[in-house]
Structures are given as C-alpha cells and as structure tokens.
Amino acid sequence: MNYLKSSILTAALAFASLDSAKAQTALSAGDLAFIGIQANGTPDNFSFVSFKDLSAGTVVYFTDNGWSGSGFRNSTTSDFDGSEGLVFFKVKTGQTVAAGTILRALDINTTQVEWFSVAGSTALLNAPGTIGTGTSGNPQFPFIGLSTSGDQLYAFQSSLPEMNGTTSGSNPLFATSSQNHLAVINTATIWANSTSASTGNITPGLLESSGTAIRINNAGATLATGASFNTLLYAEATEEQWKAAIQNTANWTVTGSGDTGASVLPTGSLTIVPEPSSASLLGLGFLALLGVRRLNRKS
C-alpha cells in the first residue's frame, strides 16, 4: 500500500512538473531586449522589456559570465574566480506580465515577478552570499556585479528544471545544450571570446545586425558605466519599430561615470501597437486605387 501511495505521489508530482513546464512562455532571440544597464550602482542593475506576454512560471536567467566561444566562462573546472554572477526571475503564480512591460532587477518582489539567486532564495542583488566555494570543480557564483572596465550581460532560458539548489550539476550555466539565448548587452568596446571578467562574445543565435546583441560603445569610445534607452521616443509604436529604435544606440543616454541612483534605469512600459495585417494593407491599396480611378474619370 505504501509503495502504491508513493507511486501515485511520484506520478502526481511528475504531471505537476509537466503542467508547470507547459505554462512557461518559450521565448526566442529578440523577444526580450535590454534597455538599461548600470555598472556603477549600489547595487548594479539593469532594465529589460519583453515583446511577448509572459505567463505564470516563466523563468529567465541573467549572467555576466562572458561567452568564451563555446560556453560561459566560469563554468568549467579551470575558471572559478568567483567574480561573475547568475540570477533569474520567475513570473508569480496567477500572474501574466503583459508584452511591453519594463522589468528592472532592482524591483525585488513586485506583484508580478520574483527575483532569485541560483540558490533558490529570494535575492537582493547586493545581498552577501555566493554559490560554490570558488575552488576547482566548484565554481563560485555571487550576485550580478558588473565591471566598470566593460562587461556583458546575457539573458537566456534553459530546458533544465528551474534551479533551486546549490549543486553545480543542476546549474543551467554549465549545460550549454540546454540554453536558449535571448539577448546580450555589452558595455566594452569590442566583442571577444571571454578570458577575463570584462570580456565576452556574442552567444549563439544572436547578432548585432538583428539588434539581439547591443554594444553600447564603439571602438575607442569612453567606457559606459551607465546607459539608458529613451523609452519616450514614441508614444506608441509597432514591435519592429521599438526593436529598431533600441538597436540604434543614438537613442540611448550613455554616462561615463554612472549614476548610482535607480533613476537611470527605464521603468514603466512601452506601448506596442499591432503591425498592419496583409489584408489591411491590401484594403488600403485597393481604396487608393479606386481614388486614383475616380480622379482620372473626373479629369
């Protein structure tokens, strides 16, 4: 009887896990965009926007571990200096984050999302504590701490179960094949395979040309320690218009010293209007054609 009860409980938990996985919004490159970064804050922070509705249970990871060309640095037994971090947010049960909503790492325990450390405990990004010992085979992962000498911040989802323990085997940072890369922002002057806490390359599937990889600094420019996209550029715009505007760094305010206040980070929301449908465009074209014909008849 006990065995039967145990089997039923195991099956129920498995189905619950499947339901949770189905509930999560699966994102693609470009569905999320960074629109603010603060490398000189107390704590360091960032803002991003999702162009898709995020359903309850949706999890997105963020790390400043640089991409080495084949994986995230600091995720092997030879890299364990403890200077790079990993956090994630999760949309709360019963909540949906509407497309266009701006989320900030600074906003801990909002009504819609919760931020966590890789240990699974609610995280204040400047709270003390690390994961791992910083020794070979057990890398150390503190909270996000962006380098003022240039750094990269990555967003990705993982096919692994949501991390809620301290064992490195369940850490999505280690499982390259489980990662679905969404966006990256770079405050350094170049992209380069990571060999230090300040370097990092573009992750697979992301491109500068598509706006999924954004480099705030051009080669030779002063390093940015604070940068913010102008969210008031449009009162409303289509998704593609917002993405094109975010991709254009002329629409960003960049500071070389960094503002340690939260005010430098965008908040609120972007108003996204639907793209005109093919049928609508065809209808407009037809009406325009009728207008031309009527003018020709009158003349």
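About the criteria used
Residues numbered from 1 in each chain as written. Predicted model: local features only at pLDDT ≥ 70, side-chain atom pairs only at ≥ 80, totals over all residues. Heavy atoms only, no water. Helix = DSSP H or I, 4+ residues; strand = E, 2+ residues; numbered from the N terminus. Contact = heavy atoms within 4.5 Å. Areas by Shrake-Rupley, 256 points an atom, 1.4 Å probe, with all protein chains shown as cover. Buried < 20%, exposed > 50% of the residue type's maximum accessible area, 1.4 Å probe, protein only. Phe/Tyr/Trp six-rings, centres within 6.5 Å; stacked < 30°, edge-to-face > 60°. Core = buried A, V, L, I, M, F, W, Y, C linked by side-chain atoms within 4.5 Å. Pairing = 2+ DSSP bridges. Axes fitted to C-alpha atoms, helices over the stretch in contact; angles between N-to-C directions. pLDDT = per-residue confidence, 0-100. Arc of directions from axis to C-beta. Polar contact = N/O pair within 3.5 Å; in protein donor to acceptor, adjacent residues only side chain to side chain. Salt bridge = Lys/Arg side-chain N within 4 Å of Asp/Glu carboxyl O.

1. With respect to the overall build of the protein chain
Line of reasoning, step 1. Secondary structure summary: the protein chain contains 3 helices and 13 strands in total.
Line of reasoning, step 2. Here the contacts in the protein chain between residues at least 6 apart in sequence split such that 71% fall between residues at least 24 apart.
Line of reasoning, step 3. Just so you have it, the protein chain exposes about 14200 Å², and 55% of that area is on carbon and sulfur atoms.

2. Here we look at the environment of Asn74
Line of reasoning, step 1. Relative to the assigned elements, Asn74 resides in the loop between strand S3 (59-63) and strand S4 (86-91).
Line of reasoning, step 2. A relative accessible area of 0% places Asn74 in the buried class.
Line of reasoning, step 3. Linking Asn74 and Phe174, residues 100 residues apart in sequence, is a C-alpha distance of 9.0 Å.

3. Remarks on the packing of aromatic side chains
Line of reasoning, step 1. Applying the stated rule across the entire model yields 19 aromatic pairs.
Line of reasoning, step 2. Measuring from ring centre to ring centre gives 4.9 Å for Phe46 and Phe62, while their planes differ by 45°; the resulting arrangement is tilted. Here Phe46, found in strand S2 (residues 45-50), pairs with Phe62, found in strand S3; they are 16 residues apart in sequence, far enough to count as distant. Considered together, Phe46 and Phe62 belong to a single accessibility category, that of buried residues.
Line of reasoning, step 3. In this structure an aromatic cluster arises from ring pairing among Phe34, Phe46, Phe48, Phe62, Phe89 and Trp115.

4. Description of the nonpolar core
Line of reasoning, step 1. Of all hydrophobic cores here, the largest spans 42 residues; its most connected members are Phe34, Phe48, Phe62, Phe89, Trp115 and Ile246.
Line of reasoning, step 2. If you tally residues by element for this core, the top one is strand S1 (residues 32-38), at 5 residues.
Line of reasoning, step 3. By size, the runner-up hydrophobic cluster in this structure holds 14 residues, among which are Val59, Trp67, Phe72 and Leu86.

5. Thoughts on the sheet that holds strand S12 (residues 252-255)
Line of reasoning, step 1. Pairing in this open sheet of 5 strands is antiparallel, and the strands run S5-S2-S1-S10-S12 from one edge to the other. Since the sheet does not close on itself, it has two edges, and those belong to strand S5 (102-104) and S12, each with one partner. Averaged over all neighbouring strand pairs, the angle between strand axes comes to 25°, with direction disregarded.
Line of reasoning, step 2. Note that S2 and S5 share 3 bridges and pair antiparallel. Counterpart to Phe48 in the pairing with S5 is Leu103.

6. Some words on the confidence of the model for the protein chain
Should the pLDDT be low somewhere, the predicted coordinates at that spot are not to be read in detail.
Line of reasoning, step 1. Put simply, the protein chain has an average pLDDT of 78, and 66% of its residues get 70 or more.
Line of reasoning, step 2. When mean pLDDT is taken per element in the protein chain, strand S11 (residues 237-238) scores highest with 98 and helix H1 (residues 2-23) scores lowest with 46.
Line of reasoning, step 3. Predicted confidence for residues 3-21 stays below pLDDT 50, and this span has 0 contacts to residues more than four positions away or in other chains.
Line of reasoning, step 4. Every residue in residues 123-128 is under pLDDT 50, and counting partners more than four places away or in other chains gives 17 contacts.

7. Topic: the pairing of strand S8 (residues 179-186)
Line of reasoning, step 1. Within S8, 7 of the 8 residues are buried, which leaves the element mostly enclosed by the surrounding structure.
Line of reasoning, step 2. Direction of pairing for strand S7 (residues 152-158) relative to S8: antiparallel, over a ladder of 7 bridges. If you follow Phe156 over to S8, its bridge partner there is His181.

8. A closer look at helix H2 (residues 239-247)
Line of reasoning, step 1. Along H2, the residues that are buried comprise Trp242, Ala245 and Ile246. Taken around the axis of H2, the buried residues stretch over an arc of 100°, which confines them to a single face.

9. Quick look at the environment of Thr58
Line of reasoning, step 1. Looking at where Thr58 falls in the secondary structure, it is placed in the loop between S2 and S3.
Line of reasoning, step 2. Through-space distance from the C-alpha of Thr58 to that of Val97 is 9.6 Å; in sequence the pair is 39 residues apart.
Line of reasoning, step 3. The residues touching Thr58, leaving out its near neighbours within four places in the chain, are Gln24, Thr25, Phe89, Lys90, Val91 and Gln157.
Line of reasoning, step 4. Within the structure, Thr58 has its side chain in polar contact with the backbone nitrogen of Thr25 (distance 2.9 Å).
Line of reasoning, step 5. Looking at Thr58, its side chain comes within polar contact range of the main-chain oxygen of Ser55, at 2.7 Å.

10. With respect to the pattern of salt bridges
Line of reasoning, step 1. A full pass over the atoms with the stated rule returns 3 salt bridges.
Line of reasoning, step 2. Its salt-bridge partner being Arg215, residue Glu208 comes within 3.1 Å of it at the nearest N-O pair.
Line of reasoning, step 3. Residue Glu239 is joined to Lys243 by a salt bridge in which the shortest nitrogen-to-oxygen separation is 2.7 Å. Remark: Lys243 and Glu239 occur in helix H2; sequence separation between them is 4 residues, near one turn of the helix.
Line of reasoning, step 4. Judged by its relative accessible area of 23%, Glu239 is partly exposed.

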